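Now for the letters of each chain:
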Amino acid sequence: MTDPTAVRIGQGFDAHRFAESGTHKPLWLACLRWVDDEQRGVEGIDGDSDGDVAAHAVVDAVLSACGMGDIGSMFGVGADSMGAGMHGDHMLRLVHDRVTSSGWRVINVSVSIVGNAPRIGKRRQEACEAMTHALGSPVTITATTTDGMGFTGRGEGIAAIATALVSR
């Protein structure tokens, strides 16, 4: 039997490649649209949804903490899934509704974005506010690069890892 005062931690991870050059796919990250001068030469993020790795990692972290599966079990996988074409902020709202209706409260979430572009610093506060608004709980964001190592270091894609703290 689960302790009704339980406090639990969950972790989530997501990674996507950038879209092919010339596709002009919009870049969505941390519930924000990034415009050309902020993108530093990268296209949007490939994926069945908007590809928002930060939002997707938060979804997985929150669902994991609540013992309610992951993004695939909630939204499906593939071009015909419930999550196809969905923006990260909408996913976060649906996750909030699902976990709160099950008696959980998200205390806070921390997400770290890993990649060379876009540069998060100038819009960090705006991104935190957008994700916090969508989830209904505090979200903080950090960002880092991998000093040229791996697919994020080569500029092929972007990743995010999130940790969520929830209580009953």
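Parameters and conventions
Residues numbered from 1 in each chain as written. Predicted model: local features only at pLDDT ≥ 70, side-chain atom pairs only at ≥ 80, totals over all residues. Heavy atoms only, no water. UniProt positions renumbered as here; feature names shortened; annotations may be inferred. Phe/Tyr/Trp six-rings, centres within 6.5 Å; stacked < 30°, edge-to-face > 60°. Lys NZ or Arg CZ within 6 Å of the ring centre and 35° of its normal. Helix = DSSP H or I, 4+ residues; strand = E, 2+ residues; numbered from the N terminus. Buried < 20%, exposed > 50% of the residue type's maximum accessible area, 1.4 Å probe, protein only. Polar contact = N/O pair within 3.5 Å; in protein donor to acceptor, adjacent residues only side chain to side chain. Contact = heavy atoms within 4.5 Å. Salt bridge = Lys/Arg side-chain N within 4 Å of Asp/Glu carboxyl O.

Per an unreviewed UniProt entry, the chain carries the name 2-C-methyl-D-erythritol 2,4-cyclodiphosphate synthase and comes from Bifidobacterium callimiconis. Under the Pathway (unreviewed entry) heading, UniProt states for the chain: "Isoprenoid biosynthesis; isopentenyl diphosphate biosynthesis via DXP pathway; isopentenyl diphosphate from 1-deoxy-D-xylulose 5-phosphate: step 4/6." We quote the UniProt Subunit (unreviewed entry) comment for the chain here in full: "Homotrimer."

> Can you help me understand the packing of aromatic side chains in this one?
How two aromatic rings sit relative to each other is set out by the distance from centre to centre and by the angle between their planes. Within this structure, the stated rule accounts for 0 aromatic pairs. Arg123 extends its terminal NZ or CZ atom over the ring of Trp34, reaching a point 4.7 Å from the ring centre.

> In this structure, what is going on with the UniProt feature "binding site: a divalent metal cation" (unreviewed entry) in the chain? I would like to understand it.
The feature "binding site: a divalent metal cation" (unreviewed entry), as given by UniProt, occupies Asp14, His16 and His56 in the numbering adopted here. A compact arrangement is adopted by the annotated residues: their sequence extent is 43 residues, whereas the largest C-alpha distance between any two is 10.4 Å. Its location among the elements puts Asp14 in strand S1 (residues 7-17). Here Asp14 falls in the buried class, since its relative accessible area comes to 15%. A distance of 3.1 Å separates the side chain of Asp14 from the side chain of His16, its partner in a polar contact. Relative to the assigned elements, His16 resides in strand S1. Not counting residues up to four positions away in its chain, the partners in contact with His16 are Ile45, Asp46, Gly47, Gly51, Val53, His56, Phe151, Gly157 and Ile158. For His16, the side chain forms a polar contact with the main-chain oxygen of Asp46, separated by 2.9 Å.

> Explain the pattern of salt bridges here, please?
Opposite charge on two side chains permits pairing when their charged atoms draw close. Inspection of every chain in the model, using the stated rule, returns 3 salt bridges. We note a salt bridge from Arg93 to Asp89, for which the minimum N-O separation is 3.4 Å. Here the residue Arg93 and the residue Asp89 both occupy positions in helix H4 (residues 88-101), the gap between them amounting to 4 residues, near one helical turn. By relative accessible area, Arg93 is classed as partly exposed at 34%. Among the ionic pairs, Glu126 bridges to Arg123, the shortest N-O distance being 2.9 Å. In this structure Glu126 comes out as partly exposed when scored by relative accessible area, which is 38%.

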